[in-house]
Amino acid sequence: MKANPGGNLDPRQVYGRDALIEMLWDRLDSQSILINAERRIGKTQVLRKMLLEPRPPWKPVFRDLEKIHSAQEFAELVYDDVQQFLGKAEKARNFVRRLLEENETDYVSLKARTWKQLLTSAVEDLMKARQQQRLVFFWDEVPYMLESIRKNDGPKLAAEVLDTVRSLRIEQSAFRVIFTGSIGLHHVLNRLSAAGIPTSAKNDMFQVTVTPLAPIDAERLAGDLLQGEGILTDVRPDIVSTLAEEVDYFPYYIHHVVAGLRIEQLSATEANIRDYVTRQLVDASDPWQLAHYRTRLTAYYPDNNDADKAAVILDVLALLGNPSDSLSVDEILSSVQARGAHVKDRNELLQLLRAMDADHYLTRDLDGRYHFRFPLIRRWWRLDRGL
Ligand SMILES: Nc1ncnc2c1ncn2[C@@H]1O[C@H](COP(=O)(O)OP(=O)(O)OP(=O)(O)O)[C@@H](O)[C@H]1O
Ligand SMILES: [Mg+2]
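Predicted, not measured: the structure shown is a model, and the values here were computed from it.

Definitions and limits used
- Residues numbered from 1 in each chain as written.
- Chains lettered and ligands numbered in written order.
- Predicted model: local features only at pLDDT ≥ 70, side-chain atom pairs only at ≥ 80, totals over all residues.
- Domains from an automatic or database assignment.
- Pairing = 2+ DSSP bridges.
- Helix = DSSP H or I, 4+ residues; strand = E, 2+ residues; numbered from the N terminus.
- Axes fitted to C-alpha atoms, helices over the stretch in contact; angles between N-to-C directions.
- Near = placed C-beta within 6 Å.
- Core = buried A, V, L, I, M, F, W, Y, C linked by C-beta atoms within 7 Å.
- Buried ≥ 20, exposed ≤ 12 C-beta atoms within 10 Å, placed from the backbone.
- Contact = placed C-beta atoms within 7 Å.
- Parallel < 35°, antiparallel > 145°, perpendicular 65-115°, else oblique.
- Left-handed = near helix turned anticlockwise from the far one by under 90°.
- Nonpolar A, V, L, I, M, F, W, Y, C, P; charged D, E, K, R; others polar.

One can read the domain layout of the chain as domain 1 (15-209), domain 2 (215-282) and domain 3 (292-384). The distance between the C-alpha centroids of domain 1 and domain 3 comes to 33 Å.

Following this line, the structure appears as structure tokens:
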């Protein structure tokens, strides 16, 4: 198998996700699902494998919603997908046009109402249909779409879209959807809540986090890629385990390292692998786009200098001797204050720590002590901040 970092994979090339996928199909019998995970962990490949190898009687329809900027476009998309599934020729656009023509007098309020009617009637049509297959929507990058709608049309409309989909899930007990995306849905919900529009839009969904690969799968992937690229003829356990461990078992970076070794015509030695990874972390052109972990702090935590405080929390944890070394909340509080961060009190700190945990910067051990979630990101943070 050839290295393909960032590309769509053939389902057979998606390693280590079989148990997760079986669990997702099982859950879909009773519930819709919210997949939440760090960027670049392989969420989209999980959905694509399910799309291409569906479990009967499911018929998934995959949509990347990143390019959808209005409730109207979203409703039309869903309507189109349902019509296509039901095999009807009539398309959403015709439906909308007809409605608009029939009600020319009140164009503005009609247009505002139409998307909801369209979405609801699409799902109602779907639920009434007697088909052997069952449609399930795979909606990738849902938070992006909601953010676009929020920015273009205001928080009220973004909340309405979420609430309409939620009502449909509740009223139509057979309607199923999987939401995912590279930013957490909780960010959108927090912004809506801050605008005075709290919504319980995800409470009825089964929430699951996609993790990096299990070591055994990451090592198998590393071995198959190294062989596929002609870098290694016989798989050596020490080499594949070094490669997998150096990149925290993220399949994306495993593809990258193998592609890089191939391009630079390097042999697969432990030293070359370690050196290659380190060079990616310090390369000014940031080939793995790790600066995202720094720049998104301001987007994620826009209030009260929270982004700066979060950066100091990361500094404090990055400075510990080992990736697994952790600190208690009180220890973090005194350390960040000692480094000049104006964290008011324990409560303020706790709120930030919870948010940073939800955003996969940090995690807690069983004693409630915090450490970096991913050693690779910790390593990059130390280098990036000159710690
Ligand atoms: N299970 C896997 N086995 C092998 N390679 C994988 C696997 N999952 C992901 N990859 C590799 O990682 C890349 C990124 O995967 P994917 O696009 O699914 O991530 P994502 O979590 O959806 O990212 P984003 O947060 O940017 O949307 C893929 O193009 C592929 O190279
Ligand atoms: Mg994706």
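Bringing the sheet that holds strand S4 (residues 177-179) into the picture now. The sheet built from five strands is open, its strands ordered S2-S3-S4-S1-S5 with parallel pairing. Both outer strands of the open sheet, strand S2 (58-64) and strand S5 (206-209), are each paired with one neighbouring strand and no more. Between one strand axis and the next, the sheet turns through 20 degrees on average, direction left out of account. Two strands pair when backbone bridges link them, and strand S1 (residues 33-36) and S5 are joined in this way by four bridges, in the parallel orientation. Pairing of Ile 33 across the sheet is with Phe 206, part of S5.

Among the 22 residues in the neighbourhood of ligand 1, the closest are listed as Gly 42, Thr 44, Ser 182, Pro 251 and Tyr 252. Contributing elements (two or more residues each) for the shell around ligand 1: helix H2 (43-52) and helix H11 (251-263). There are two domains that each give the shell around ligand 1 at least three residues, and those are domain 1 (15-209) and domain 2 (215-282).

Here the focus is the nonpolar core. Core analysis: the largest hydrophobic core is formed by 54 residues, its most contacted members being Ala 222, Ile 254, Val 257 and Ile 313. Per-element tally for this core: the top contributor is helix H14 (residues 306-318), with seven residues. Looking at which domains feed residues into this core, each of domain 2 (215-282) and domain 3 (292-384) gives three or more. In this structure, Ile 254 is in contact with Ala 218, Leu 221, Ala 222, Leu 225, Leu 243, Ala 244 and Val 247, ignoring residues within four places of it in sequence. One finds Phe 138, Ile 149, Leu 168 and Ile 178 within the second-largest nonpolar core, a separate group that totals 45 residues.

Mapping Val 336 onto the fold places it in helix H15 (residues 329-338). Between the C-alpha atom of Val 336 and that of Thr 114, which follows or precedes it by 222 residues, the distance is 51 Å. Apart from the residues lying within four places of it in its own chain, the contact partners of Val 336 are Lys 309, Val 312, Ile 313, Val 316, Ala 341 and Val 343.

Turning our attention to unusual backbone geometry. Cis geometry marks the peptide bond from Pro 56 to Pro 57; its omega dihedral reads 5 degrees. With respect to the helices and strands, the residue Pro 57 is situated in the loop between H2 and S2. Even without being glycine, Tyr 249 reaches a positive phi, approximately 65 degrees. Relative to the helices and strands, Tyr 249 is located in the loop between helix H10 (237-246) and H11. The class of Tyr 249 is buried, set by 25 C-beta atoms lying within 10 Å. Backbone geometry at Asp 286 places phi at a positive 50 degrees, although glycine is not the residue there. For Asp 286, the location among the structural elements is in the loop between helix H12 (270-282) and helix H13 (292-300).

Packing of helix H9 (residues 215-228) against H11 leaves a shortest axis separation of 10 Å and a crossing angle of 25 degrees. Our classification of the angle between H9 and H11 gives roughly parallel. Note on packing geometry: the crossing formed by H9 with H11 is right-handed. Contacts between H9 and H11 pair Ala 218, Leu 221, Ala 222, Leu 225 and Leu 226 from the former with Pro 251, Ile 254, His 255 and Val 258 from the latter. Residue composition of the contact of H9 with H11, by class: eight nonpolar, one polar and no charged.

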